[in-house]
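Coordinate analysis (summary)
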Amino acid sequence: MSQDPASPQSSPPLLARPGGTGPGAVTSLLDGLRGALAGDAVLVPHAPGRDGAEVLAELRGRLHRPVPPGTAVVLQTSGSTTGRGHLVALPAAALAASARATYERLAGPGRWLLAVPAHHVAGLQVLVRSLIAGTSPVVVDTAHGFAPGALAAAAATMDDGAPAYLSLVPTQLVRVLEAGEATVAPLRRFAAILVGGAASGQRTLEQARAAGLRVVTTYGMTETGGGCVYDGAPLPGVRVRLGGEDRIEIAGQVLAAGYLDDAEADAAAFRTDGTERWLRTSDRGRLDTGPDGAPRLTVLGRADDLINTGGVKVAPLAVERLLREHEGVGEVAVVGVPDGEWGQVVTAVVAPAAGRPAPALADLRALVRPRLGGAHAPRALVVVAHLPERGPGKVDRLAAAGLAAAALAGPETAAPGVAVERHTRTPAPTR
């Protein structure tokens, strides 16, 4: 860990501590977070293996303004489209408001099982919620891979009577279900299993709920202190609306103080409407009315992920939701690959489900075409062992698109072990 003395850029001092899921690192980070929430320091969690002094030096070099008063934590976003994330200032009041709203929506204060890296917002909020509840989190170290059996064993120890909670990414939930009843059974004790960080397949959610798991889908981001919409419904104190281009906009005490590294992005994302600050996200959405009369949000995908193929705009998330219905699809990312005829070719990058053969392109097209139209049906399939990631459970779309482009360019540029299938139009009959 490394501490920066008080300076014009940071008062109280910056405190860098490694995250991850190592028990020792989590204990140290938890201690630093306790002081940060009390106003004694500004915590800067970082990936394990990095030098804290270097992290602070890099942060100081990127600041375009001083760290705002009241900031407890500075986190870096994962940078889905730029490859380099923003530095986000999270006030202590926002983190606490998020934790309390979570407990109000769920079964009240309880004990958490940490199985996602603590230097990302989902893992950090597990620690914040633990401090707010006055409980100690149970930690499962995933540094060498996620082991469903280890998760189940840890869950079996959480029998102190307090509500038990768990936060997972969709890939982890899939692995739990694949592991079978012995792994699933201990997880039935959880009052809620939050699943976020990426879109979950409807088939997976249905399987989990049928198995007796109380899964709750979450939507949020670093800029909102983690998940702020549960099962489509905003948490107490959170307001959601749609702006231009159906962009999702969020308001409430959970909002970050802003970006510290980019004045232009800060001004574009965080805006004041009257007396209320709103975050304009990069996601498109739809608002419907739930059975209780309250709004229900459906996330349609990132606005900058839209694929333009033959003049038709294709939303990758809508296609991915359908492709996940195929039993052979474990993980999937739909990307656009530059093409002289179509502008972009809709391409499915698929990692097959465990124990299943890779799906055929024709079968994937048959899932999509009747419901979304021919333009949305993938014209190419790239099969890989694993999708590239940029954070816990989050697909690196830049890397996936690059991998797909290299594979479609020819065998000499394709990565080892990658298989490609293309859709070819049936020639018109000759007379």
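Quick caveat, the model's predicted, so the values are computed rather than measured.

1. A closer look at the sheet that holds strand S23 (residues 380-383)
- Strand order across the open sheet formed by 4 strands is S21-S22-S23-S26, with mixed pairing between neighbours. The outermost strands of the open sheet, each flanked by one partner alone, are strand S21 (329-339) and strand S26 (419-422). Recorded for the sheet is a direction-independent mean angle of 20° between the axes of neighbouring strands.
- Here 10 bridges tie S21 to strand S22 (residues 343-352), and the two strands are oriented antiparallel to one another. When the bridges of S22 are listed, Val335 appears paired with Thr347.

2. Topic: the sheet that holds strand S10 (residues 215-221)
- The strand order across the open sheet formed by 7 strands is S7-S6-S8-S9-S10-S11-S12, and the pairing between neighbours is mixed. Among the strands making up the open sheet, the edge pair consists of strand S7 (138-139) and strand S12 (233-234).
- Across 4 bridges, S10 lies against strand S11 (residues 226-230) in antiparallel orientation. Each bridged residue has a counterpart across the sheet, and for Met221 the counterpart in S11 is Gly226.
- Sheet contacts for helix H3 (residues 92-105): strand S6 (111-114), strand S8 (164-168), S11 and S12; angle to S11, the most-contacted strand, approximately 35°.
- Strand contacts of helix H5 (residues 148-156): S6, S7 and S8, with the helix running at about 160° to S6, the strand carrying the most contacts.

3. Details of the packing of helix H6 (residues 170-179) against helix H8 (residues 202-210)
- For the pair H6 and H8, the least separation of the axes is 10 Å and the interaxial angle reads 50°. Looking at the two axes, H6 sits oblique to H8. The crossing of H6 and H8 is left-handed. Two secondary-structure elements touch here, H6 through Leu173, Val174 and Leu177 and H8 through Thr204, Leu205, Gln207 and Ala208.

4. Some points on the pattern of salt bridges
- Applying the stated criterion to the full structure yields 23 salt bridges.
- Here Arg280 makes a salt bridge to Glu245, at a shortest N to O gap of 3.8 Å. Here the residue Arg280 occupies a position in strand S17 (residues 276-289), and Glu245 occupies one in the loop between strand S13 (239-242) and strand S14 (247-251), the gap between them amounting to 35 residues.
- Owing to a relative accessible area of 19%, Arg280 belongs among the buried residues under this scheme.
- Residue Glu245 is classed as exposed on the basis of its relative accessible area, which comes to 59%.
- For Arg397, the salt bridge goes to Asp305, with nearest N and O atoms at 3.4 Å. Of the two residues, Arg397 is situated in helix H12 (residues 397-409) and Asp305 in the loop between strand S18 (295-302) and strand S19 (307-309); the sequence distance between them amounts to 92 residues.

5. A few points about the packing of aromatic side chains
- Summed over the entire model, instances satisfying the criterion amount to 3 aromatic pairs.
- A ring pair is formed by Tyr103 and Tyr165, whose centres lie 6.0 Å apart and whose planes are at 50°; its orientation type is tilted. With Tyr103 in helix H3 and Tyr165 in strand S8, this pair connects stretches of sequence that are 62 residues apart.
- On the basis of relative accessible area, Tyr103 is assigned to the buried category, the value being 6%.

Conventions adopted
- Residues numbered from 1 in each chain as written.
- Predicted model: local features only at pLDDT ≥ 70, side-chain atom pairs only at ≥ 80, totals over all residues.
- Heavy atoms only, no water.
- Pairing = 2+ DSSP bridges.
- Helix = DSSP H or I, 4+ residues; strand = E, 2+ residues; numbered from the N terminus.
- Axes fitted to C-alpha atoms, helices over the stretch in contact; angles between N-to-C directions.
- Contact = heavy atoms within 4.5 Å.
- Parallel < 35°, antiparallel > 145°, perpendicular 65-115°, else oblique.
- Left-handed = near helix turned anticlockwise from the far one by under 90°.
- Salt bridge = Lys/Arg side-chain N within 4 Å of Asp/Glu carboxyl O.
- Buried < 20%, exposed > 50% of the residue type's maximum accessible area, 1.4 Å probe, protein only.
- Phe/Tyr/Trp six-rings, centres within 6.5 Å; stacked < 30°, edge-to-face > 60°.

Scope: geometric values only; no functional claims are made or implied.
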